[in-house]
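Structural description and commentary
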Amino acid sequence: MVEIDPWGVADIKDYSRLFAEFGISPFKELLNRIEKPHLYMRRGIIVGHRGYEEVLRAMNERSKFAVMSGFMPSGRIHLGGKMVMDEIIWHQRMGGDAFACIADMESHSVRGTSWRECKEIGLNEYILSLVALGFDVEKGYIYFQSGNKKLRDLAFELGREVNFSEISAIYGFSGDVNISHMISVVMQNADILQPQLLEYGGPKPAVIPVGVDQDPHIRLTRDIASRMRMFRVEKRLDKDQKPYISIREKQSGRKALDEIARRIEYPKKIYAMHIDVFGIDAPDIDKTMREIEEIVREVEIEYGGYGFFFPAATYHRFMQGLTGGKMSSSIPESYIALTEPPEEAARKVKQAKTGGRVTIEEQKKFGGSPAQCTVYELMMFHLIEEDAYVKEIFEECKNGRRMCNSCKSQAAELMHSFIKTHQEEREKAKEVLMEHEIYKKWL
Ligand code: SF4
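Residues numbered from 1 in each chain as written. Predicted model: local features only at pLDDT ≥ 70, side-chain atom pairs only at ≥ 80, totals over all residues. Heavy atoms only, no water.

Right, let's get into the environment of threonine 113. Within the secondary structure, threonine 113 is located in the loop between α5 (104–111) and α6 (115–133). In the structure, threonine 113 is positioned 38 residues away from glycine 75 in sequence and 9.6 Å away in space, judged by C-alpha atoms. When neighbours within four sequence positions are excluded, threonine 113 is seen to be in contact with Pro73, Ser74, Ser107, His108 and Cys118. (Helix = DSSP H or I, 4+ residues; strand = E, 2+ residues; numbered from the N terminus. Contact = heavy atoms within 4.5 Å.)

Quick look at the environment of glutamate 298 now. Examined against the element boundaries, glutamate 298 turns out to sit in helix α12 (residues 285–302). Taking relative accessible area as the criterion, glutamate 298 reaches 41% and is therefore assigned partly exposed. Counting along the chain gives 221 residues from glutamate 298 to isoleucine 77, while the straight-line C-alpha distance between them is 41 Å. (Buried < 20%, exposed > 50% of the residue type's maximum accessible area, 1.4 Å probe, protein only.)

All right, on to the pairing of strand β3 (residues 66–71) then. For β3, the buried fraction is high: 5 of the 6 residues fall into the buried class. Relative to strand β4 (residues 97–102), β3 runs parallel, the two sharing 6 bridges. Bridge pairing links alanine 66 to aspartate 97 in β4. One crossover worth recording links β3 to the parallel β4 by way of helix α4 (residues 79–93), and it is right-handed. Here β3 runs beside strand β6 (residues 206–211); their pairing, made up of 2 bridges, is parallel. When the bridges of β6 are listed, alanine 66 appears paired with alanine 206. (Pairing = 2+ DSSP bridges. Right-handed = clockwise from strand over helix to strand, strands pointing away.)

Turning our attention to the sheet that holds strand β8 (residues 243–249). Strand order in this open sheet of 4 strands is β7-β8-β10-β9, and the pairing throughout is antiparallel. If you trace the sheet from one side to the other, it starts and ends with β7 (231–237) and β9 (268–270), each paired once. Taken over all neighbouring pairs, the strand axes of this sheet differ in orientation by 15° on average, direction set aside. Taken together, the 7 bridges between β7 and β8 define a ladder with antiparallel strand orientation. What sits directly across from phenylalanine 231, in β8, is glutamate 249. The sheet contacts of helix α11 (residues 254–263) involve β7, β8, β9 and β10 (274–277), and relative to β10 the element is tilted by about 15°. Along the sheet, α12 contacts β7, β8 and β10; its crossing angle with β7, the most-contacted strand, is approximately 160°. (Axes fitted to C-alpha atoms, helices over the stretch in contact; angles between N-to-C directions.)

Right, let's talk about the site of the ligand for a bit. Around the ligand sit Thr354, Gly355, Gly356, Gln363, Cys373, Tyr376, Cys397, Arg402, Met403, Cys404 and Cys407, and those are all the residues in its vicinity. Spatially, the ligand is embedded in the largest cavity. When its residues are assigned to classes, the shell around the ligand shows 6 nonpolar, 4 polar and 1 charged. (Near = heavy atom within 4 Å. 1 Å grid on protein atoms, 1.4 Å probe; cavity = no way out; pocket = protein on both sides within 12 Å on 5 of 7 lines; lining within 4 Å. Sits in = over half its atoms within 2 Å of the grid points. Nonpolar A, V, L, I, M, F, W, Y, C, P; charged D, E, K, R; others polar.)

Right, here's the structure in full:
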């Protein structure tokens, strides 16, 4: 059994087992449908997804979609957090409504971080780096959970659909888990669904870019989104294997079902609790399904429902810690913070664990192991944009034509320059935020 624990330490080595065990789909199958895939996509760093097809279709059709993810303000922003930021920003540039949450209620309840620290860390570590990396504050939304009343109201509403036994089974909560920690679960569900509220343009496909350890939140939120729906719309086959669409009423009442029947122009049969829609040619089934889902959604909203799409997720794999093993916030040598002095970041790269051989002679003769090398990983994940160059480094290393000392020096220089530039951008980000009333109060 592979355990995924959003609050624990993840050590997930065999991603293909994850696909099999949790029904996560491999991301690479979608790659050729993405116009300009991000390097995390191209390089297999985003390893899996759940329901991303719908987001991709919206992106390619230039229709509405959203991206959201969150950051728990309990430590320094490091390269792992940068990955989520890069993914939010990429989706924003691809036309998505972007939401970035500072999960201060979660940090306060789970880690015991004081409100004051939450605010300081949230702003000075996370928000400044997010904006410095390219988040467009004119088009996107950044918020603290605790300052968002609509979010708290939504969490309260969603909480009606989940009970203690269920979240205990998912997260392994025992009797000593505090109630606020449990509330932080529904807050996260609300974070994920919030972009689909009418205030933000209504229901739309939404993607949550996260590390693979966050899958329990995604699965739970998809379940809750489904429970909140007033209708279930399904494709079915009749006895002659012809497709039809069934719309089943769950909690709307008869009037709403009649209204849906009135708006659907295809041949249909209306029953006490459901409608079956016929006359659809097999090749058109998906298109017709979307049309009907739109009608159902419209009526659902008119009758006070939410009409949520099930949120999608992309899952990236984790970087190794620089010292080997896991990256851990309690071991500063294992990670590079975006806010540490560039010299310090470069020093850490020079001391990082490599996949090199013990001697230069052996390296030349047998080659190194870039796949085991944290320095290679830094270059591949963060420091080198051109795929061809990354591949060249990989080949040179494997073939014994690249030596660790000079390779580390090169990576250290790149890291120094990246962190230095990023910190200059952070200064500019403060000015950008100062121009906005809603953000000014945080500075
Ligand atoms: S040569 Fe570079 S990529 Fe290869 S193992 Fe050494 S540091 Fe890593």
